[in-house]
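# Structural description and commentary
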Amino acid sequence: MKDLFQEIWESIQRNKLRTVLTGFAVAWGIFILIVLLGAGNGLMNAFMRNGDEFASNTMAVYGGYTSKPYEGLQEGRWIELNDRDITLTESAIFSDYVDDVTATTTKGPFVLVLGDRHVSVDVCGCYPKLLEINKIEMLEGRFINPLDMQQKRKSIVLSASHAQQLMNGGDDYPSLIGKSVSWNDNVWQVVGVYKTDESTQRVQDYVPLSTFQLIFNEQNYEDEIIFTFHGLETEQENEQFERNYKAVINKSHKAAPDDDGALWIWNRFTQNQQMNKGSGIIRKALWILGVLTLLGGIVGVSNIMLITVKERTQEFGIRKSIGATPGAIMKLIIAESVTITAFFGYIGMVLGMVACEIMKHTVGESSLDMFGENVQVFVNPTVGLDVAFGVTLVLIIAGTLAGMSPALKAARIRPIEALHDTK
Amino acid sequence: MLIELKDIHKTYNKGQPLHVLKGVDLEIGQGEFVSIMGASGSGKSTLLNILGILDNYDEGTYYLDGQLIKYLSEKEAAHYRNKMIGFVFQSFNLISFKTAVENVELPLFYQGVGRKKRREMAMEYLERFGLADWALHYPNEMSGGQKQRVAIARALITQPRILLADEPTGALDSKTSVDVMELLTKLYREEKVTIIVVTHESGVANCTDKIIHIKDGIIGETTLNEQHHASVFGTDTIIK
Ligand SMILES: Nc1ncnc2c1ncn2[C@@H]1O[C@H](COP(=O)(O)OP(=O)(O)OP(=O)(O)O)[C@@H](O)[C@H]1O
Ligand SMILES: [Mg+2]
């Protein structure tokens, strides 16, 4: 091994400028590959973060406007979800697939007051189960519990950002638990603080749905029914389920079973599936783009190796005349090619990773306002060890390919002809 | 017999086919010191390249130490060249970016001998040829005679059965030529190395025990020269 590297070193020494110029192309190719992958990861991480606030196997159901007349009723009728829909969702009809069912209603903005501090908030009436379904992370205290629901207590769970504003920017959440906050004439007791998801501005404070319905005199009304499910793996299975579900709920609202507008279903599972598929495609496309860029470098390496072989024809002839096998000669060329490719490739990779870090610290957490929601477009645009490993593999393969044709050429050199060159 | 050639034919097919060897029969025994003489273009180098397995032949048989040298793969050929044959060229054919000692140890590298052992053996050979001080010099820093002695050291380091030399003195002045021929003679006398020298210098041929003449692609007369009187220029002289 040491001998091999010494040979390579000697050879590269003799052609420094040429090697560096070619190496630059390889470094550039890998640099581009890493930066592309880093940027792609940034995009996909943002996607994922925007999406992973919810358990991935949930569907959210909203009311809509009927799109066709049915049983004497006109189209364009507004469908309101109610307790019966929850019961239906929980019933035996769907029990093969549906697990937990919950519902929410959101209103706002209200001005929440604590002493001389106040903050404008949306309030969401919900069931205790929302904690798991929406993956809410508690920082202090507890979430809404069944007792709150049963006794219609005026308990409120604040988001950390609202809590901070009520505490003049502080984050001593424990001191807030048990305090009373008020909006209009309603006085609420803070029972918990949950972590605000930075990626969305849809920040709400949670209260028991039963209390909420009482205050607004909206018994038997929900904005949104959310349920978790299992056993629906393919897109077709999901579609089939959604169709059946709509038919049942539509009917209970006297809407046509096949009316597509009466209910809106947001299936986070299929959405995630599509997103994963999409990110897989993006990743593949970026690799292809990067590898194509790299190809220029590889052709360059192949070229200088060809020139090298030509220049060293006589030397290889001598080596063969004293007992070098074709394999030994090939090894020499391919090892040199891989060394050049890998060395400059790693330089490119390190520079690319530095560039990714710079990206991370400049545009790394940038977000866009889209459809009234704050959506992150870039999160942690860096590449991981898996990419470093992948790139290493690519470099070794690339170096071998680049060296292959020159190496074969060198191996085929016939000693007498090579030695003839001098005479 | 160490070397047995029977009815060897060789034709070069570059453009005009050129029938160079037209049925060479030749036997050379272990420990012989032989020279091959002939006019320019008579096929001396061609014959020596075939003997050294650097080139192949079209017809006939070549037995080297009882082994038929025909239809060898490149790998087998490399193996024989490495183990059995040492080659010395008119133009030295040292690797220019390697020092003398590195050049000498290279055949051992292809035998898989370790670095340290290799270096030791190479130094030993250089010392024996009076080149110890030149071990770390590059070929272009050495005189022709020194280079040729490095080349001979490289050819001998694997302790081959045969040393083949194609006009080893062709690029040297007469004084250095004498030195090189004395070295070869010494190797033949003291180490019983089988040596075959191609030359068209009668002085060089006169150093050998047997002179084989090649003419028109076949072996002509073979002169026994144990008294070394063959040269018209007298004993132990090399005239340029
Ligand atoms: N590789 C080759 N391809 C084509 N023809 C060749 C080749 N090598 C040698 N020849 C031709 O074959 C003939 C014999 O060449 P060879 O080198 O064996 O002669 P030689 O006896 O060594 O001559 P010299 O004394 O000039 O070295 C020459 O006419 C030469 O031109
Ligand atoms: Mg010749």
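Because the structure is a prediction, the values reported are computed rather than measured.

What follows is about the packing of aromatic side chains. Each pair of aromatic rings is reported with the distance of its centres and the angle of its planes. Tallied over the full model, the rule gives 20 aromatic pairs over all chains. Ring centres of Tyr97(A) and Phe241(A) lie 5.7 Å apart, and the angle between their planes is 80°; this geometry places the pair in the edge-to-face category. Note that Tyr97(A) is positioned in the loop between helix H3 (83-90) and strand E2 (98-114) and Phe241(A) in helix H8 (residues 235-252), a separation of 144 residues in sequence. For Tyr97(A), a relative accessible area of 31% gives the class partly exposed. Overall, the relative accessible area of 4% leaves Phe241(A) in the buried class. Here the aromatic residues Phe94(A), Tyr97(A), Phe227(A), Phe241(A) and Tyr245(A) are joined through ring pairs into a cluster of three or more. The positively charged end of Lys107(A) is found above the aromatic ring belonging to Phe216(A), 5.5 Å away from the centroid. Lying over the aromatic face of Tyr125(B), Arg128(B) brings its terminal NZ or CZ to 4.7 Å of the ring centre.

Quick look at the sheet that holds strand E4 (residues 59-64) of chain B now. Residues and elements named next belong to chain B. Reading across from one edge, E2-E1-E4-E5 is the order of the 4 strands in this open sheet, with antiparallel pairing throughout. Every interior strand has two partners, whereas the edge strands, strand E2 (18-28) and strand E5 (67-68), have only one. Sitting on the sheet, helix H1 (residues 44-51) is in contact with strand E1 (3-12), E2 and E4, with an inclination near 125° to E1.

Our next topic: a negative patch on the surface. Residues and elements named next belong to chain B. A surface patch of negative charge is lined by Asp 7, Asp 25, Glu 27, Asp 58 and Glu 59. In this fold, Asp 58 is placed in the loop between H1 and E4. Owing to a relative accessible area of 42%, Asp 58 belongs among the partly exposed residues under this scheme.

Before going further, it helps to spend a moment on the site of ligand 1. Taken together, 15 residues are adjacent to ligand 1, and Ser40(B), Gly41(B), Lys44(B), Ser45(B) and Thr46(B) come closest. Flanking ligand 1 are residues from chains A and B. In the model, an oxygen atom of ligand 1 is placed 3.3 Å from a nitrogen or oxygen of the Ser42(B) main chain. Contact between ligand 1 and Lys44(B): an oxygen atom at 2.7 Å from a side-chain N or O atom of the residue. Burial of ligand 1 by the protein amounts to 71% of the accessible area it has alone, namely 630 Å². The leading source of residues in the shell around ligand 1 is H1(B), at 3 residues.

All names here are of chain A. Helix length check: H8 (18 residues) gives 26 Å between terminal C-alpha atoms against 26 Å at 1.5 Å per residue, within 8%. Within the sequence span of H8, burial applies to Asn 238, Phe 241, Glu 242, Tyr 245, Lys 246, Ile 249 and Asn 250. Each buried residue of H8 sits inside an arc of 155° when the element is viewed along its axis, so together they form one side. Pointing more than 90 degrees away from the buried face of H8 are the exposed residues Gln 236, Arg 243 and Lys 251. Looking one or two residues beyond H8, the residue adopting positive phi is Lys 254, at roughly 60°.

Before going further, it helps to spend a moment on the domain arrangement of chain A. Looking at chain A, the domain boundaries give domain 1 (2-52 + 276-420) and domain 2 (58-271). Taking only C-alpha atoms, the centre of domain 1 of chain A and the centre of domain 2 of chain A are 52 Å apart.

Let us now look at the interface of chain B and chain A. Chain B puts 26 residues into the contact, and the matching count from chain A is 26 residues. A buried area of about 2400 Å², summed over both sides, lies between chain B and chain A, and 56% of it is on carbon and sulfur atoms. The largest share of the area that chain B buries against chain A comes from Phe97(B), Tyr110(B) and Arg115(B), three residues that together contribute 27% of it. Between chain B and chain A we count 6 salt bridges in total. The salt bridge partner of Lys320(A) is Glu74(B), with a shortest N-O separation of 3.5 Å. The tally of links from chain B across to chain A stands at 12 residue pairs in polar contact (both at pLDDT 80 or more). The set of elements that each furnish at least two residues to the side of chain B that touches chain A consists of helix H2 (74-84), helix H3 (100-109) and helix H4 (115-128) of chain B. Looking at the side of chain B that touches chain A residue by residue, the classes come out as 10 nonpolar, 5 polar and 11 charged.

Let's shift gears to the side chain of Asp85(A). All names here are of chain A. With respect to the helices and strands, Asp 85 occurs in helix H3. Within polar-contact distance, the side chain of Asp 85 engages the side chain of Ser 252 at 3.3 Å. The residues touching Asp 85, leaving out its near neighbours within four places in the chain, are Glu 80, Ile 225, Ile 249, Ser 252 and His 253.

With that settled, the discussion passes to the environment of Thr208(B). Residue and element names in this part refer to chain B. As for its position among the elements, Thr 208 is in the loop between helix H7 (202-206) and strand E9 (210-215). In the structure, Thr 208 is positioned 13 residues away from Ile 195 in sequence and 8.8 Å away in space, judged by C-alpha atoms. Residue contacts for Thr 208: discarding those within four places in its chain leaves Phe 33, Val 34, Ser 35, Asn 225 and His 228. At a separation of 2.5 Å, a polar atom in the side chain of Thr 208 contacts the main-chain carbonyl oxygen of Ala 205. A polar side-chain atom of Thr 208 sits 3.3 Å from the main-chain carbonyl oxygen of Lys 210.

Our next topic: the pattern of salt bridges. For the coordinates displayed, the defined rule picks out 24 salt bridges over all chains. One salt bridge in this structure joins Lys98(B) and Glu7(A), with 3.2 Å as the shortest N-O distance. Taken together, the residues span two chains, with Lys98(B) in the loop between strand E6 (85-88) and H3 and Glu7(A) in helix H1 (residues 2-14). Of the two residues examined, Lys98(B) and Glu7(A), each falls in the buried class. A salt bridge links Lys98(B) to Glu10(A); the shortest N-O distance between them is 3.2 Å. In this pair, Lys98(B) sits in the loop between E6 and H3 while Glu10(A) sits in helix H1, so the two residues belong to two different chains. Residue Lys98(B) is classed as buried on the basis of its relative accessible area, which comes to 5%. Each of Glu7(A), Glu10(A), Arg312(A), Glu315(A), Arg319(A), Glu336(A) and Lys98(B) takes part in salt bridges that share partners, so that together they form one network.

Cut-offs and rules
- Residues numbered from 1 in each chain as written.
- Chains lettered and ligands numbered in written order.
- Predicted model: local features only at pLDDT ≥ 70, side-chain atom pairs only at ≥ 80, totals over all residues.
- Heavy atoms only, no water.
- Phe/Tyr/Trp six-rings, centres within 6.5 Å; stacked < 30°, edge-to-face > 60°.
- Helix = DSSP H or I, 4+ residues; strand = E, 2+ residues; numbered from the N terminus.
- Buried < 20%, exposed > 50% of the residue type's maximum accessible area, 1.4 Å probe, protein only.
- Lys NZ or Arg CZ within 6 Å of the ring centre and 35° of its normal.
- Pairing = 2+ DSSP bridges.
- Contact = heavy atoms within 4.5 Å.
- Axes fitted to C-alpha atoms, helices over the stretch in contact; angles between N-to-C directions.
- Patch = residues over 30% accessible without salt bridge, like charges linked within 9 Å, V, L, I, M, F, W, Y side chains within 5 Å.
- Areas by Shrake-Rupley, 256 points an atom, 1.4 Å probe, with all protein chains shown as cover.
- Salt bridge = Lys/Arg side-chain N within 4 Å of Asp/Glu carboxyl O.
- Lys, Arg positive; Asp, Glu negative; His and termini not counted.
- Charge placed at Lys NZ, Arg CZ, Asp CG, Glu CD.
- Near = heavy atom within 4 Å.
- Polar contact = N/O pair within 3.5 Å; in protein donor to acceptor, adjacent residues only side chain to side chain.
- Expected span 1.5 Å × (residues − 1).
- Arc of directions from axis to C-beta.
- Domains from an automatic or database assignment.
- Buried area = accessible area lost by both parts, 1.4 Å probe.
- Nonpolar A, V, L, I, M, F, W, Y, C, P; charged D, E, K, R; others polar.

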